[in-house]
Each structure stands twice: as C-alpha cells, then as structure tokens.
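# Examining the three-dimensional arrangement
The primary structure of each chain is shown beneath.
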Amino acid sequence: MSALGWQHHTLIQSLLSRGPTSEKEFHDMFEGVSKKNPVNYPRIFNDVLLKINKELSYVQFELRGCRNQYDGEVYYGVVNNVADEQSKLGTKYTVPQIAFYKGVIEAIAQDGTAQGCISSIDALNLRLESQMTATNSESQGAAVPAALKYFSISQKEKTLDEFVRDKWLCHTSDGNIGLGVRSFLDLRSWFRGNDVPPCEVCNEAGVKAELCRNPDCKARIHQYCLKKKFGRTRAEKVCPCCQTPWPYVMTKAEALEEMDEPSQPTQTELPQTQPTAGPSRKRQRPTKSERVEDDGAGPSQPCSQPPARATRRSSRLR
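For clarity, every value in this text was computed on a predicted model and none was experimentally measured. Throughout, residues of each chain are indexed from 1 in the direction in which the sequence is written. The predicted nature of this model means local features are confined to residues of pLDDT at least 70 and side-chain atom pairs, given and counted, to a pLDDT of 80 or more, with totals for whole chains, interfaces and linings taken over all residues. Values shown for side chains rest on all heavy atoms present in the structure; no hydrogens or waters enter the calculation.

### Digging into the environment of Thr10
Numbering of helices and strands runs from the N terminus; a helix is a DSSP stretch of H or I covering at least four residues, while a strand is a stretch of E covering at least two. The topology assignment puts Thr10 in helix H1 (residues 6-18). Sequence separation between Thr10 and Met29 is 19 residues; the distance between their C-alpha atoms is 8.7 Å.

### Considering helix H9 (residues 153-165)
Between the first and last C-alpha of H9 there are 18 Å, a value that for 13 residues agrees with the 18 Å anticipated at 1.5 Å per step. Inspection of H9 places Lys156, Thr159, Leu160, Glu162 and Phe163 among the buried residues, and these make up the whole buried set. Down the axis of H9, the buried set is contained in an arc of 165 degrees. They therefore lie on one face. In H9, the exposed residues that point more than 90 degrees away from the buried face are Lys158 and Arg165. In this scheme, a helix's expected span is set at 1.5 Å multiplied by one less than its residue total. Here's how the labels work: a residue is buried when its accessible area is under 20% of the maximum for its type, exposed when over 50%, partly exposed in between, all with a 1.4 Å probe on protein chains only. Here, the arc refers to the directions that run from the helix axis to the C-beta atoms.

### Brief notes about the nonpolar core
Buried Ala, Val, Leu, Ile, Met, Phe, Trp, Tyr and Cys residues that are joined via side-chain atoms within 4.5 Å together make up what is termed a nonpolar core. Ranked by size, the top nonpolar core spans 31 residues in total, and within it Val104, Leu169, Leu179, Phe191 and Val207 carry the most contacts. Contributions of two or more residues to this core are made by strand E3 (74-80), helix H5 (95-109), helix H6 (120-124), H9, strand E6 (177-179) and helix H10 (181-186). Considering each element in turn, this core owes the most residues, seven residues, to H5. Residue ranges for the domains originate in an automatic or database domain assignment. The two domains that each donate at least three residues to this core are domain 1 (6-81) and domain 2 (86-132 + 149-251). Counting residues in hydrophobic clusters, the runner-up holds 17 residues, among them Leu4, Leu11, Phe45 and Tyr76.

### Let's talk about the side chain of Glu162
Within the element layout of this structure, Glu162 appears in helix H9. A residue counts as positive if it is Lys or Arg and as negative if it is Asp or Glu; His and the chain ends are not included. Here, a salt bridge means any Lys or Arg side-chain nitrogen found within 4 Å of an Asp or Glu carboxyl oxygen. No salt bridge forms around the buried Glu162; measuring N to O, its nearest opposite-charge neighbour Lys92 is 4.0 Å away. Pairs of residues are marked as contacts when any of their non-hydrogen atoms sit within 4.5 Å. Other than its neighbours up to four places away in sequence, Glu162 contacts Lys92, Tyr93 and Gln97.

### Details of the packing of aromatic side chains
Pairing of aromatic rings covers Phe, Tyr and Trp, the last counted by its six-membered ring, and requires centre-to-centre distances within 6.5 Å; plane angles under 30 degrees mean stacked, over 60 mean edge-to-face, and any other angle means tilted. Applying the stated rule across the entire model yields twelve aromatic pairs. Pairing Phe100 with Phe151 gives two aromatic rings, centres 6.2 Å apart and planes at 50 degrees, and the pair type is tilted. Here the residue Phe100 occupies a position in helix H5, and Phe151 occupies one in the loop between helix H8 (146-149) and H9, the gap between them amounting to 51 residues. Phe151 carries the same exposure label as Phe100, and that label is buried. Considering the side-chain rings of Phe230 and Tyr248, the 6.0 Å spacing of their centres and the 55 degrees angle between planes classify their relative orientation as tilted. Within this pair, whereas Phe230 is found in helix H12 (residues 223-230), its partner Tyr248 is found in the loop between H12 and helix H13 (252-260), the two being separated by 18 residues in sequence. Comparing Phe230 with Tyr248, the two get one shared label, buried. A connected cluster of aromatic rings, assembled from ring pairs, spans Phe26, Phe30, Phe45 and Tyr76. Either the NZ atom of lysine or the CZ atom of arginine qualifies as a charge over a ring when it sits within 6 Å of the ring centre and within 35 degrees of the ring normal. The ring of Tyr41 has Lys36 lying over it, and the distance from NZ or CZ to the ring centre is 4.6 Å.

### A look at the sheet that holds E3
By the convention used here, strands pair only if DSSP detects at least 2 bridges between them. In spatial order, the strands read E1-E3-E2; together these three strands make up an open sheet with antiparallel pairing. Sheet topology places strand E1 (21-22) and strand E2 (61-67) at the edges, where each strand pairs with a single neighbour. Pairing analysis gives two bridges linking E1 to E3, with the strands arranged antiparallel. When the bridges of E3 are listed, Thr21 appears paired with Tyr76. Angular values range over 0 to 180 degrees, each being the angle between N-to-C directions of two axes fitted as lines to C-alpha atoms, with helices fitted over their stretch in contact. Sitting on the sheet, helix H3 (residues 42-56) touches E2 and E3, and the angle it makes with E2 is about 135 degrees.

Written out as structure tokens, the structure reads:
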C-alpha cells in the first residue's frame, strides 16, 4: 500500500468533517493544497482522486461525486460501500428514526410521477410497521416493536428536521420533502437494487425527472440532462426510447449562448475569413502595355498619336 501525502489526508479529513461539499468548495480545497486549479489541470485532479480511492478501498470507503437532482449542482463526499450490521453500529439514529427514513425514501423513489418529493403531511403519516425486517415479517404472529408502534408525530417532526440538517433529506422549493445530497451520494446501489428507473441520458436513478409523454413509455430524463440533450436548436427533440416528440422549450439564455458561438471563429477559421479578391481591393497600377491596349492602340493598328517633338540635341545634329 503506497502512503498518501498530507495533501491527500487534508482532502479526506475535510470531506469527513464537513460532509457533502459542493464542487466549487472542493475545487478550492484542492487548489489550496496542490496549487493547481482542477479546471485547468483535470488530469492531475483525477489522478489524485484515483489514488485516494485506491487506498480507501481497503476499508470499504470511497470518495464519490454526485449531482443534486433538484438543482443540478455537483457535490463530493466520502461514503461507506458496505451496508452490514457492523456498519450500522456507527449511526447516531435510533431504530425508529432509521425505519422512518426508509419509509420516506421509498415513498419518494418509488413515485411513478418522478416528482422527487412528498408532502410533509404524507411523510408524517407514514406507518413504520412496514419497515420491519424480513425476518420479523415472515415469522407468524410477530409483534410490532413498541418503539415503532408508538413513534409519535412530534418525534417524526423532530426527526425530519434532523435529517434535513444532516443533509439526508431536504426541503424543496415548493415546501415538500425531498432527498438530500447525502442520500444521492450513499444510495446509488440502493436505487439500482430497488429498480428505480434510470435517466436515459446519464443512467443515474431518475428520482427527480421528467417523463415521456407516451403513457406506454417509461423513459425519464433529469432536467439538467434535458438541457444537455435538447439545448440546441438543431437537436431532435424526441424521446430516445419511443421517438415521441418531447416538449422542450429553450430558455433565453440557451438561445443567446448558441447565437454567440458562431460569432467567435476558431483559430483555424480565421485565415478563411480574410478576402482573397474583390472590388474593394485597391486596383494595381497598369503597366505600359496595358495602358496602350486600353487606349485602343496595338501592333495591328496604326499609331494615331502626333509625332514626337524634336529636342535641342536632335536639331543640332541636323
């Protein structure tokens, strides 16, 4: 195992202490320890992350990036790749709180409309009995644990606030409950294991996405992926699965951005924009033979000009 440097340790410790960090903040941290801007040096940035993940894999951890499906922003964090009973011992949440969280994410992720959220009322009314383990549910006459049965509304409200504060859940712009950045980081395998339909562009779980207008088609695409796929005037705006027209309207900013692109020629295009010939070019001074031809004189025509005047030297010779 190759040793990590202090720069690697600083990045890992920062993510562990801060939790999910925005791309801008993480890039600033990386530039602070390496003196390299990740935007200008992407290869160095990727090599550092690869080395960190190679070492973290020995303890089943991973430095991972994800995209917040509500605003499209990228976040980084360190996650645990193993979900066993031993790893659960490190959580600060109680059994009823964990069962409540599972009920919320199931209600959000398994919503067929892909709204990516549920109302606070629906969240508070979730029944925790359905979150019992498979062993207890299969056993005959298994009693519901009292901790789940008597988990009150006020306890659920406090738990929701705690989950939002810890970034497992979030409040959406319309006041509903959605998944937090930490859930998008940690639950990638859970989304796949529970058959959450993926986005047709990025192949990540389409928790918050737009659906195809064809009721028989199950295609869904994230809003930020729609901009990537259809954000061009010449792009064919149809469903990638069933070819049904996809109603996408370009924003004013996207239209202006596309209009500005042709006005900035590349370096290879610049020589082609210079005029090679045209009426605006200054006419070259004609030669003597061209002046003669323009005057209508030529070798087959008699010269109509008067004889040259005799000079003083020629008259003296006479």
